[in-house]
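A look at the structure
Residue strings, one per chain:
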Amino acid sequence: MTVASERMAVQAGKAAQSTPEWLAGRLGGLALHVALISITVAWVVPTAGLFVSSFRDLNSITTTGWWTALAPPFKFTLDNYQHVLERNNLGTSFVNSFMIAIPATIIPATLAAFAAYAFTWMKFWGRDWLFLALVGLLVVPLQATFIPLLKLFTSLGLTGTFPAVWLAHTGYGLPFAIYLLSNFFRALPSDLFESAEIDGAGTLTVFFRIVLPLSVPAIASLVIFQFLWVWNDLLVALIYLGGSPDVSPLTVTVANLVNSLGQGYQWLTAAAFLSMIVPLVVFFSLQRYFVRGILAGSVKG
Amino acid sequence: MASVTYDHVVKRYTADLTVVKDFNVEIKDKEFMVLVGPSGCGKSTALRMLAGLEAISEGEIRIGDRVVNNVAAKDRDIAMVFQSYALYPHMSVYDNMAFPLQMAHMKKPEIDKRVKNASRILGLDNFLKRKPRALSGGQRQRVALGRAIVRSPKVFLLDEPLSNLDAKLRGQTRIELQKLHRDLQTTFIYVTHDQVEAMTMGDRIAIMNAGILQQVGTPGDIYDHPANLFVAGFIGSPTMNFVPATVQDGTAKASGFEVKLPKPINSTKGTLGFRPEAVTDRVVDGGTAMDMKVDVVERLGSDQFLYGQVGGDQVTARVDPRMAVQPGDKVRLGLDTRTMHYFDAESELALL
């Protein structure tokens, strides 16, 4: 807005009582906030319902909606949590989930960082085609790989062990991880690398002393993505680990709470909430990197 | 301390994209050499080949007596200051300057001594713990210089180091760089597109255009005796006046005036070139004079520039600042033919 047109708007506002600019701004802001709040509510309502349900008994859950519990008389119970914590091997599953999720995050993140560095700042034959093929892998559906991969793992004796899931998650996660990190690395100014080259830094030194420290936000956001995906994954774990309780992660154990006839539904709500704690902790502790990571490349460091 | 020699150097990206063509320059030990030219003329590429950041397609580059074509950048004993400074954003000023020394596996006390010394020279003592983003543009620029100084290299390469500074700081840094060059007693090679930087700083200037070296010489030499039309137009501000002319019997005839040439030349069609300061309000008896219809008057206090038409040609004149002229006026101006140039239409080479 130029000064002249502002002045004209003010005069017009005085004379004809037309809509002043500040009101238009307010209304725009209001619309934005209404949209934001309604989207947030739409996302939070199911979770809130699950949360309320986890404190209700089976009878109430199956006969009335969760919102009726919010009006008196209150009939909340901790039975569901007690049952889940006592009777099912939730502790083992918790440990298993960590045993799966931590290596299945660290391995692909590390490999992706090296690969992305090579793809962006090292010259080698067929680099662009290889990168294109890698990005192409993003569209391959997970399910298409189950049978060949399971055959391979079985012949190697890996089926039902943690390394099988680690490898699977590494493979599934790498294309996206490399893609994300490449985009970030590419945005680093090339002068830095040339300067480091003249200063006498070798490839590995550049990687560890310059690229990694500058890429903390991108790597942190990648770690969150990968960790959450692995932690919440049911399908991959079920396929390569089977249903054996001593290796089952939380997701498998929680899913097993409900039998095929739908019994145990009330326990599921409590178990789901317990399994959510870790992702929430991860997210909140790394969220400032998360936002910066999503903005990666758009803002120069 | 070393000389640098470009010996028939060529940089070719593809068969029909050659950015540096048969480049020959000898830069003497301890010299301040400026490579200057419009953007895309190959000056940066020439510097980057010396730095080891670009491969040399043909020819040889020597530092001292050593051919460095196949020597890695870090082993060439050079230091480079980038236009963007290329400071490591996550390292403190101290670590930025210490980085090349750490890479050379130098002992800690020696590193400390050198960094402290460089920061004292550059006035960075109080900023050693800061990160680059907490520094002003000028300070960042000095850190980049410091990172080059600590290595005490044989040759300093500077790639447009002042272009990110504001005008006032640029002038100041220009002087500081010259002082630094005197103190360090090292060969400096400085790339810029700014002819003022080239004129003020260089011991010698090498002017490039379209990948071809046009002329090498001292600033005075190049200003007074440009080798061709391009150099004449590139150096000097406001630019030299160019007026098309035909030559007959030792007299050059332009659309608005005639001038007797001081010596016979072998050309009939070409361009007369004379700097604005050769066109003055002093008309000498028997000298060359011209009538100008003034379009624009520019008063700078110390100078007064007139832009206008002489015959059918655009001419700029530098006249006495007290001369009273208004746009639209017709004035009679004198031409000092002693500093006049003549460029052949065909070859564009200076014949006068």
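Residues numbered from 1 in each chain as written. Chains lettered and ligands numbered in written order. Predicted model: local features only at pLDDT ≥ 70, side-chain atom pairs only at ≥ 80, totals over all residues.

1. A closer look at the overall build of chain A
Each helix and strand counted, chain A has 14 helices and zero strands in total. Listed N to C, the secondary structure of chain A is α-α-α-α-α-α-α-α-α-α-α-α-α-α in terms of helices and strands. When contacts within chain A are restricted to residue pairs at least 6 apart in sequence, long-range pairs at least 24 apart make up 76% of them. (Helix = DSSP H or I, 4+ residues; strand = E, 2+ residues; numbered from the N terminus. Contact = placed C-beta atoms within 7 Å.)

2. So, the overall build of chain B
Looking only at helices and strands, chain B has eight helices and 20 strands in total. Based on the C-alpha atoms only, the size of chain B along its principal axes is roughly 75 × 45 × 30 Å. Intrachain contacts of chain B at a sequence separation of at least 6 include 65% that bridge at least 24 residues.

3. As for the sheet that holds strand S4 (residues 58-63) of chain B
Residue and element names in this part refer to chain B. Overall, antiparallel pairing links the four strands, which are arranged S2-S1-S4-S5 in an open sheet. Edge positions in the sheet fall to strand S2 (17-27) and strand S5 (66-67), since each has one partner strand and no second. With seven bridges joining them, strand S1 (residues 4-14) and S2 adopt antiparallel strand pairing. Paired with Arg-12 across the strands is Thr-18, a residue of S2. (Pairing = 2+ DSSP bridges.)

4. Section: unusual backbone geometry
All names here are of chain B. Between Ser-237 and the following residue, Pro-238, the backbone shows a cis peptide bond with an omega angle of -5°. The phi angle at His-8 is positive, at roughly 50°, despite the residue not being glycine. A count of 11 C-beta atoms within 10 Å places His-8 in the exposed class. For Asp-249, which is not glycine, the phi dihedral falls at a positive 55°. With respect to the secondary-structure elements, Asp-249 resides in the loop between strand S11 (241-248) and strand S12 (251-253). Judged by the 7 C-beta atoms lying within 10 Å of it, Asp-249 falls in the exposed class. (Buried ≥ 20, exposed ≤ 12 C-beta atoms within 10 Å, placed from the backbone.)

5. Digging into the interface of chain B and chain A
Taken together, the contact pairs 17 residues of chain B with 15 residues of chain A. Listing elements by their share of the side of chain B that touches chain A, those giving two or more residues are strand S6 (78-81) and helix H2 (93-103) of chain B. Residues belonging to the side of chain B that touches chain A are distributed by class as follows: 14 nonpolar, two polar and one charged. (Nonpolar A, V, L, I, M, F, W, Y, C, P; charged D, E, K, R; others polar.)

6. Thoughts on the domain arrangement of chain A
All names here are of chain A. Domain annotation of chain A identifies domain 1 (3-78) and domain 2 (81-294). The C-alpha-based centres of domain 1 and domain 2 are spaced at 34 Å. With eight residues of domain 1 in contact, the opposing surface of domain 2 contributes eight residues. Counting only elements with at least two residues in the side of domain 1 that touches domain 2, the list comes to helix H2 (21-53) and helix H3 (58-63). Broken down by element, the side of domain 1 that touches domain 2 gets its largest block of residues, three residues, from H2. (Domains from an automatic or database assignment.)

7. Describing the sheet that holds strand S19 (residues 330-335) of chain B
The strand order across the open sheet built from five strands is S15-S19-S16-S17-S18 (chain B), with neighbouring strands paired in antiparallel fashion. The outermost strands of the open sheet, each flanked by one partner alone, are strand S15 (279-280) and strand S18 (313-319) of chain B.

8. Some details on the packing of helix H3 (residues 108-122) of chain B against helix H4 (residues 137-149) of chain B
All names here are of chain B. In the contact formed by H3 and H4, the axes pass within 9 Å of each other and the chain directions differ by 140°. By the angle between their directions, the pair H3 and H4 is classed as oblique. Handedness of the H3/H4 crossing: right-handed. Counted together, Ala-118, Ser-119, Ile-121 and Leu-122 of H3 and Arg-142, Leu-145, Gly-146 and Ile-149 of H4 form the full contact between these two elements. Residue composition of the contact of H3 with H4, grouped by class: five nonpolar, two polar and one charged. (Axes fitted to C-alpha atoms, helices over the stretch in contact; angles between N-to-C directions. Parallel < 35°, antiparallel > 145°, perpendicular 65-115°, else oblique. Left-handed = near helix turned anticlockwise from the far one by under 90°.)

9. Some words on the nonpolar core
Val-165 and Leu-181 of chain A together with Leu-35, Leu-157 and Ile-189 of chain B are the most contacted members of the largest nonpolar core, which totals 142 residues. Considering every element that reaches this core, the biggest residue donor is helix H8 (residues 162-186) of chain A, with twelve residues. Those residues within four positions of Val-165 of chain A in sequence are excluded, and the remaining contacts are Ile-100, Ala-104, Val-236, Ala-237, Tyr-240 and Leu-241 of chain A. In this structure, Leu-250, Trp-267, Leu-268 and Ala-270 of chain A belong to the second largest nonpolar core, which totals nine residues. (Core = buried A, V, L, I, M, F, W, Y, C linked by C-beta atoms within 7 Å.)

10. Notes on the domain arrangement of chain B
Residues and elements named next belong to chain B. Once the domains are mapped, chain B shows domain 1 (4-229) and domain 2 (238-344). Its C-alpha centre places domain 1 at a distance of 39 Å from the equivalent point of domain 2. With four residues of domain 1 at the interface, the matching set in domain 2 holds four residues. Among the residues forming the side of domain 1 that touches domain 2, the class breakdown is two nonpolar, one polar and one charged.

11. Looking at the confidence of the model for chain B
Mean pLDDT for chain B: 90, with 100% of residues reaching 70 or above. Per the prediction output, this complex has pTM 0.78; the corresponding ipTM is 0.82. (pLDDT = per-residue confidence, 0-100.)

12. Some details on helix H1 (residues 43-51) of chain B
All names here are of chain B. Taken across its nine residues, H1 has nine buried, putting it largely inside the fold. Considered for burial, the residues of H1 that qualify are Lys-43, Ser-44, Thr-45, Ala-46, Leu-47, Arg-48, Met-49, Leu-50 and Ala-51. In the segment just after H1, Gly-52 is the residue with positive phi, at about 95°.

13. Digging into the pairing of strand S9 (residues 204-209) of chain B
All names here are of chain B. The sheet contact formed by strand S3 (residues 32-36) and S9 spans four bridges and is parallel. Pairing of Met-33 across the sheet is with Arg-204, part of S9. In the sheet, S9 pairs with strand S10 (residues 212-217) via five bridges, with the strands oriented antiparallel. In the sheet register, Ala-206 faces S10, and the bridge partner there is Val-216. With antiparallel pairing between neighbouring strands as the criterion, S9 and S10 make up a hairpin whose turn holds two residues, including Ala-210 at a positive phi of roughly 50°.

14. As for the environment of Thr-316 of chain B
Residue and element names in this part refer to chain B. Along the chain, Thr-316 turns up in strand S18. Sequence separation of Thr-316 and Asp-22 is 294 residues, and the distance between their C-alpha atoms is 36 Å. In contact with Thr-316, not counting residues within four places along its chain, are Pro-238, Asn-241, Pro-276, Phe-305 and Tyr-307.

15. Looking at the confidence of the model for chain A
Residues and elements named next belong to chain A. In this model, chain A carries an average pLDDT of 82, and 88% of its residues clear a pLDDT of 70 or more. Low pLDDT (under 50) marks residues 1-16, which in the prediction has five contacts with non-local residues, meaning those over four places away or in another chain. Throughout residues 295-301 the model reports pLDDT below 50, and contacts reaching past four residues in sequence, or to other chains, amount to ten contacts.

16. What to know about the environment of Asn-228 of chain B
Residues and elements named next belong to chain B. Inspection of the secondary structure assignment puts Asn-228 in the loop between helix H7 (219-224) and helix H8 (229-234). Residue class for Asn-228 comes out partly exposed when judged on the 19 C-beta atoms lying within 10 Å of it. Placed 72 residues apart in sequence, Asn-228 and Leu-300 show a C-alpha to C-alpha distance of 30 Å. Ignoring any residue separated from it by four or fewer positions in sequence, one finds Asn-228 in contact with Gln-214, Phe-343, Glu-348, Leu-349 and Ala-350.

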